[in-house]
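# Chains, contacts and geometry: an overview
Each chain is listed here by its residues.
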Amino acid sequence: MYKKLKKESLEKNIPIIEDETLMFLIDFINNNDIKNVLEIGSAVGYSAINMAGLCDVSIDTIERDEERYKMALKNIEKYNLTKNINIFNIDAFDFKVDKKYDLIFIDAAKSQNINFFERFKNNLSDNGFIITDNLNFHGMLDADYESLSKNVKGLVRKLNLYIKFLEENKDYETKFLNIGDKISISTKK
């Protein structure tokens, strides 16, 4: 793991993937013959850098925030991973791609998870996986709902809708794992 990048991100209060989730993701990629990844939500590139640096994989990653995009680009260059990682400074809903991916990793605006899933499901290879991170939203889904702020209540409601969407999806089978902040792994039926 890229400890210096992790430390810098945490010092700047930039949300990054939890260690447990990252280690699971790296093992998952290596054990499932995954060759290419679409990551929705780059932040400063920490998860993409770890995936590309520790796995034999190419990554397209999307970050809409220009400042974080620039930081991610710098980090990708710093770790000599420009051949493995393509980063795009664009809103995910404006990103046009015909490519098929072995893994789609959703780790962006939690309120948009259903829309991200629907938008990119056609870019999933036949035996591919869609993994979504932070389904417990730092314990908020288990918190006393009435004690939450209005904004957090809205986010919790949308995350619960996403979980229900995955559970009831007739085209995909989804497993939920209590790894890190809870993840889902969806595959085509």
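Above: the structure in question.
Residues numbered from 1 in each chain as written. Predicted model: local features only at pLDDT ≥ 70, side-chain atom pairs only at ≥ 80, totals over all residues. Heavy atoms only, no water.

### Examining the packing of helix 2 (residues 19-31) against helix 3 (residues 46-54)
Inclusion rule: To get an axis, fit a line to the C-alpha atoms, keeping to the stretch in contact for a helix; angles then go from 0 to 180 degrees between the N-to-C directions. The helix and strand labels rest on DSSP assignments: H or I over at least four residues marks a helix, E over at least two residues marks a strand, and numbering proceeds from the N terminus. Put simply, a crossing is left-handed when the front helix is turned counterclockwise from the back one by less than a right angle, and right-handed when it is turned clockwise. The contact criterion used is simple: two residues touch if any of their non-hydrogen atoms lie within 4.5 Å. Only Asp, Glu, Lys and Arg are considered charged in this grouping, and only Ala, Val, Leu, Ile, Met, Phe, Trp, Tyr, Cys and Pro are considered nonpolar; every other residue, Gly among them, is considered polar.
Orientation of helix 2 relative to helix 3, taken along the N-to-C sense of each, is 40 degrees, at an axis distance of 10 Å. Helix 3 is crossed by helix 2, and the crossing has right-handed handedness. Listed contacts from helix 3 to Asp19, Leu22, Leu25, Ile26, Ile29 and Asn30 of helix 2 are Tyr46, Asn50, Met51 and Leu54. A class-by-class count of the residues in the contact of helix 2 with helix 3 yields seven nonpolar, two polar and one charged.

### Quick look at the packing of aromatic side chains
For the record, the criterion: When two rings of Phe, Tyr or Trp (its six-membered ring) have centres within 6.5 Å they constitute a pair, described as stacked for plane angles under 30 degrees, edge-to-face for angles over 60, and tilted for the intermediate range. Only protein chains enter the area calculation, which uses a 1.4 Å probe; residues under 20% of their type maximum are buried, those over 50% are exposed, and those in between are partly exposed. Charge over a ring is defined by NZ of Lys or CZ of Arg lying within 6 Å of the ring centre and within 35 degrees of the ring normal.
Inspection of the entire model under this criterion finds eight aromatic pairs. With a centroid separation of 4.7 Å and 80 degrees between ring planes, the pair formed by Phe28 and Phe129 is classed as edge-to-face. Remark: Phe129 occurs in strand 5 (residues 124-132) and Phe28 occurs in helix 2; sequence separation between them is 101 residues. Note on accessibility: Phe28 and Phe129 belong to one class, buried. Three or more aromatic residues joined by ring pairs form one cluster here, namely Phe117, Tyr162, Phe165 and Tyr172. For the cation-ring pair, Arg119 lies above Phe120, with the distance from its terminal atom to the ring centre recorded as 4.6 Å.

### Side note on the side chain of Ser42
With respect to the element layout, Ser42 can be found in the loop between strand 1 (36-40) and helix 3. What Ser42 contacts, discounting residues up to four positions off in sequence, is Thr61, Ile62, Glu63 and Ile87.

### Remarks on the sheet that holds strand 6 (residues 172-177)
To be explicit about the condition: Note on pairing: DSSP must find at least two bridges between two strands before they are called paired.
Spatial strand order, 3-2-1-4-5-7-6: seven strands in an open sheet with mixed pairing. One side of each edge strand has no neighbouring strand; the edge strands of this open sheet are strand 3 (85-88) and strand 6. Taken over all neighbouring pairs, the strand axes of this sheet differ in orientation by 15 degrees on average, direction set aside. Bridge analysis of strand 6 against strand 7 (residues 183-188) gives six bridges, and the strand direction is antiparallel. Residue pairing across strands places Glu173 opposite Thr187, the latter belonging to strand 7. Across the sheet, helix 2 lies against strand 1, strand 4 (101-106), strand 5, strand 6 and strand 7, angled at about 25 degrees from strand 7, the strand it touches most.

### Re helix 5 (residues 113-120)
Rules: Our arc is simply the arc of the directions from the helix axis toward the C-beta atoms.
Residues of helix 5 that are buried: Asn113, Phe116, Phe117 and Phe120. For helix 5, the arc enclosing every buried residue in end-on projection is 100 degrees, short of the 170-degree limit, so these residues lie on one face.

### What to know about unusual backbone geometry
Of note in the backbone geometry, Asn134 takes a positive phi value of approximately 65 degrees without being a glycine. With respect to the helices and strands, Asn134 occurs in the loop between strand 5 and helix 6 (150-168).

### As for the pattern of salt bridges
Quick note on the threshold: A side-chain nitrogen of Lys or Arg and a carboxyl oxygen of Asp or Glu constitute a salt bridge if their distance falls within 4 Å.
Under the counting rule described, the total for this entry stands at eleven salt bridges. Note that Lys121 and Glu118 form a salt bridge whose closest N and O atoms lie 2.7 Å from each other. The class for Lys121 is partly exposed, based on a relative accessible area of 22%. Taking the shortest distance from any N to any O, the salt bridge between Lys188 and Asp126 comes out at 3.8 Å. Linking Lys188 in strand 7 with Asp126 in strand 5, this pair joins segments that are 62 residues apart in sequence. Residues participating in the shared-partner salt-bridge network are Asp33, Lys35 and Asp56.

### Remarks on the environment of Asn136
By secondary structure assignment, the location of Asn136 is in the loop between strand 5 and helix 6. Asn136 gets classed as buried once you look at its relative accessible area, which sits at 18%. Residues Asn136 and Lys182 lie 46 residues apart in sequence; the distance between their C-alpha atoms is 5.6 Å.

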